[in-house]
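# Structure at a glance
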Amino acid sequence: MWDFSLGGAMGMMGRTLPFILLRMAVYFGITLGYVLVTGTGAGIGWGIGGFGNDEFRAGSTFWGGIAGFGIFGAVMYWAREYILYIVKAGHIAVLVELIDGKPMPQGRGQIGHAAAVVRQRFPQASVLFVMDQLIRGVIRAVSGLARGILTVLPVPGARQVGAILSAFLRVAVGFVDEVILAHAIRTRSDNAWGSAREALVLYGQNWKVMLKNAAWLAIFVYGLGFLVFLVMLAPAALVVYLMPGAWAAGGVVFALLFAWSVKAALLEPFALACMMQVFFKTIEGQQPNPEWDARLEQMSGKFRKLKDRALGAAAPAQTPEPATPDPV
């Protein structure tokens with residue numbers, strides 16, 4: 001059914017425990033920050049509501065909570081590229097070295113070692129973030145192939161099935177972009193853009209295998225995430241009960257946040273370890289197919305941008321030729 005080893009992925013999780021603990025600290029901390037800032041906003045709104053009647057207080061408490069949630073969300077929006085750089089890319093780096101059988105530092109030294117590897121490949125967080133966004137765009141274009149194939153089949157309901165499949169694949173491909181970054185780190189090329197381009201072509205020519213495994217992982221991860229959401233409804237409701245004004249909608253929102261933190265801290269690295277197994281095993285001995293390179297260039301503007309950056313990084317610096325004296 002699938003081409004990855006669940007036991008192997010769990011073993012990789014255990015051997016990168018420092019990063020798992022770091023992810024837990026970061027993502028659970030983000031959830032706690034949402035709860036605290038939202039609660040503070042609701043408390044301020046509740047205090048302001050004291051100048052009016054009960055209806056006014058309920059409204060000001062609600063909007064205070066919304067404002068707190070939105071403010072913290074804006075902060076996290078701007079911090080997302082640094083989370084990718086410090087947490088996700090670092091974890092990818094040590095997983096790559098595990099797959100290649102390289103010795104791995106233990107404890108906090110593992111995090112420092114990974115940070116050095118990432119800085120060597122991507123000196124600036126913004127470069128890695130831009131690359132990740134371009135990769136995501138190309139992967140979405142490849143996943144659209146499945147819908148395109150279904151829509152042209154003379155089968156009743158194929159278009160509707162294609163729309164449902166496309167929506168599901170948009171979720172599934174979230175486990176693929178970091179695998180492309182893993183290839184860019186693994187090659188240790190001086191041209192990270194070129195490595196990402198090569199990985200995308202290899203992904204494209206093996207898209208059926210990759211999407212099949214990504215789909216299975218999406219079922220696992222989001223199924224477990226939904227169970228976590230159900231379990232977290234009770235403690236989330238307690239948190240809301242303790243907030244001023246008992247913000248009724250907050251229970252569902254906070255339960256979703258708790259489930260998201262578990263998914264990001266524990267389930268996503270497990271899925272990444274599985275997809276890395278599949279990708280590196282599948283492409284072993286393969287060379288990028290020029291036909292797929294041309295197809296991706298035609299299919300995706302994001303790929304064209306990434307290709308331009310790859311070619312620009314590969315171009316040698318132009319140095320002016322020394323002037324020759326005029327003949328006398």
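This part covers the nonpolar core. Formed by 69 residues in total, the largest nonpolar core has its most connected members in Phe122, Ile135, Leu200, Tyr203 and Phe279. Sort the elements by how many residues they give to this core and helix H10 (residues 250-282) lands first, with eleven residues. Residues Tyr27, Ala236, Val262 and Ala264 belong to the second largest nonpolar core, which totals 19 residues.

Within the structure shown, the criterion is met by eleven aromatic pairs. For the pair tyrosine 27 and tryptophan 260, a centre-to-centre distance of 5.4 Å together with 85° between the ring planes defines the contact as edge-to-face. Here tryptophan 260 lies in helix H10 and tyrosine 27 lies in helix H2 (residues 17-48), a separation of 233 residues in the sequence. Aromatic rings pair up to connect Trp2, Phe4, Trp216 and Phe220 into one cluster. Geometry around phenylalanine 122 places arginine 121 over its ring, the cationic atom sitting 5.9 Å from the centre. Across from the ring centre of phenylalanine 280, 4.2 Å away, lies the NZ or CZ of arginine 186, which sits over that ring.

Moving on: the side chain of aspartate 177. For aspartate 177, the position within the fold is in helix H7 (residues 177-187). A relative accessible area of 1% means that aspartate 177 is categorised as buried. With residues near it in sequence (within four places) discarded, aspartate 177 still touches Asp132, Ile135, Arg136 and Ile139.

Taken together, the side chains of Arg140, Lys302, Lys305 and Arg309 present a region of like positive charge at the surface. Top contributing element to the positive patch by residue count: helix H12 (residues 301-314), with three residues. Summarising the element assignment, lysine 305 is placed in helix H12.

Moving on: the environment of lysine 302. Of note, lysine 302 is situated in helix H12. On the basis of relative accessibility, which here comes to 33%, the residue lysine 302 falls in the partly exposed class. The sequence separation of lysine 302 and arginine 136 amounts to 166 residues, and the corresponding C-alpha distance is 8.6 Å. For lysine 302, the residues in contact, after removing those within four places along its chain, are Leu134, Gly137 and Val138.

Procedures and definitions
Residue numbers here run from 1 along each chain, matching the order of that chain's written sequence. Per-residue local features of the predicted model are confined to residues with pLDDT of at least 70, and side-chain atom pairs are confined, for both listing and counting, to 80 or more; whole-chain, interface and lining totals are unaffected and use all residues. Side-chain metrics in this entry use all non-hydrogen atoms of the structure; hydrogen atoms and water are not considered. Buried residues of nine kinds, namely Ala, Val, Leu, Ile, Met, Phe, Trp, Tyr and Cys, make up a nonpolar core once their side-chain atoms join them within 4.5 Å. For the exposure calls, accessible area comes from a 1.4 Å probe over protein chains only, and a residue counts as buried if that area is under 20% of its type's maximum, exposed if over 50%, partly exposed in between. Put simply, DSSP marks the helices as runs of H or I at least four residues long and the strands as runs of E at least two long, and each gets a number from the N terminus on. Put simply, two rings from Phe, Tyr or Trp (the six-membered ring, in Trp's case) pair if the centres are within 6.5 Å, and we call them stacked under 30 degrees between planes, edge-to-face over 60, tilted for the rest. Whether a charge sits over a ring comes down to the Lys NZ or Arg CZ being within 6 Å of the ring centre and within 35 degrees of the ring normal. Any two residues whose heavy atoms approach within 4.5 Å are treated as being in contact. Patches in this entry comprise residues that are over 30% relatively accessible and not in a salt bridge; like charges within 9 Å are linked, as are nonpolar side chains (Val, Leu, Ile, Met, Phe, Trp, Tyr) within 5 Å. We get accessible surface area from the Shrake-Rupley algorithm with a probe of 1.4 Å; when it comes to residues, only the shown protein chains can shield them. Definition used for salt bridges: Asp or Glu carboxyl oxygen within 4 Å of a side-chain nitrogen of Lys or Arg. When charges are counted, Lys and Arg are positive and Asp and Glu negative, with His and the chain ends excluded. By convention, the point assigned to a charge is CZ for Arg, NZ for Lys, CD for Glu and CG for Asp.

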